[in-house]
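Spelled out, the chains give:
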Amino acid sequence: MTGVAGPLPYLAGALLVGGIAVVLSKRREYMLRWCAWAVGVPVVVIALDVGPGGAAVLAASAGVACAIEYGGLTDLPRPDRAVLAVAVPVAPVTAWAAPAHLPQALALTLAAVALVPVLAGDAAGGLSRLCFGVLGVIWFAPLAGVVLLGPEVLALFAAVSIADITASFAGRSLGGPPLSRLSPSKHWSGLLAGTAAGLGTLAVFGAFTPAWAVAVAVGAPLGDLLESMVKRGVEAKDSASWLAGAGGLLDRLDSLLLALVFALALG
């Protein structure tokens, strides 16, 4: 797959089919999610079509939003949230402007976030603040892959998104054994159906490779469970509540983040 023009008919078709499916499901949650994707997909397409700069702006903006949600989710103090919100977009911006210096940039952002509770002299809660801050930088660093993978990342984005919504719908409809204690509402039936839909999407987009198949089949579900673990740890249902029917942006990007890790590592 080259560029973003080729996949447009497939994306439009997927949105159309998805719209019909959510109307037939009569579930308000799915209808609201579809509306969010109907707005989000054109934004992603336009940003990627601009080129690496557009991809960097898209990824950096998503990173800031996720960092803010994550800071609220984990109840980090304001100084930690501010530094994290500045640190997270460094990775995608560096991947665009100076990719050779990406390791150094990540090391510096990790140090900056880790030093906030140290400089504050927080003996009681400093370790917790440090761990949450470092996890935030590491968790959102894969957004640099939106820049590094180029326009082809659109296929991964579509495959993970379609796999996610298919897994949710199929799991609720078919039931069966739960997938993990981290998220009892998810089922193996949903995972299998979502994986099939995601791999099929890669094939339609002409982007089916062993690395990307693993990213969709393994990375995406693990990314979802990772966020479930964090939310259970802080006793929260969603990362935020501003995104209609979908909680927060992190709730929608959790699967993509780990899928990007596998795509970058194995590709």
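Residues numbered from 1 in each chain as written. Predicted model: local features only at pLDDT ≥ 70, side-chain atom pairs only at ≥ 80, totals over all residues. Heavy atoms only, no water.

Draft legend 1. Spotlight on the overall build of the protein chain. Scanning the protein chain from terminus to terminus reveals 12 helices and 2 strands. Taken along its principal axes, the extent of the C-alpha atoms in the protein chain is 55 × 40 × 30 Å. Expressed as a percentage of the 267 residues in the protein chain, the buried residues total 47%. Sequence-distant contacts in the protein chain: of pairs separated by 6 or more residues, those separated by 24 or more amount to 70%. Approximately 12,400 Å² of the protein chain is accessible, and the part contributed by carbon and sulfur atoms is 73%. Between the averaged position of the 14 positive side-chain charges in the protein chain and that of its 14 negative side-chain charges there is a distance of 8 Å. (Helix = DSSP H or I, 4+ residues; strand = E, 2+ residues; numbered from the N terminus. Buried < 20%, exposed > 50% of the residue type's maximum accessible area, 1.4 Å probe, protein only. Contact = heavy atoms within 4.5 Å. Areas by Shrake-Rupley, 256 points an atom, 1.4 Å probe, with all protein chains shown as cover. Lys, Arg positive; Asp, Glu negative; His and termini not counted. Charge placed at Lys NZ, Arg CZ, Asp CG, Glu CD.)

Draft legend 2. Structural view of the pattern of salt bridges. Scanning the model with the defined rule gives 7 salt bridges in all. Residue Lys231 is joined to Asp251 by a salt bridge in which the shortest nitrogen-to-oxygen separation is 3.2 Å. Within this pair, whereas Lys231 is found in helix H11 (residues 210–233), its partner Asp251 is found in helix H12 (residues 249–266), the two being separated by 20 residues in sequence. Judged by relative accessible area, Lys231 falls into the buried class, the value being 12%. Using a relative accessible area of 5% as the deciding quantity, one classes Asp251 as buried. Connected through shared salt-bridge partners, Asp80, Asp122 and Arg129 make up one network. (Salt bridge = Lys/Arg side-chain N within 4 Å of Asp/Glu carboxyl O.)

Draft legend 3. Expanded view of the pairing of strand S2 (residues 183–187). Pairing analysis gives 2 bridges linking strand S1 (residues 178–180) to S2, with the strands arranged antiparallel. Within the sheet, the bridge partner assigned to Ser180 lies in S2 and is Ser183. Hairpin connection, S1 to S2: the antiparallel pair is bridged by 2 residues. (Pairing = 2+ DSSP bridges.)

Any functional reading would require information beyond the geometric quantities listed.
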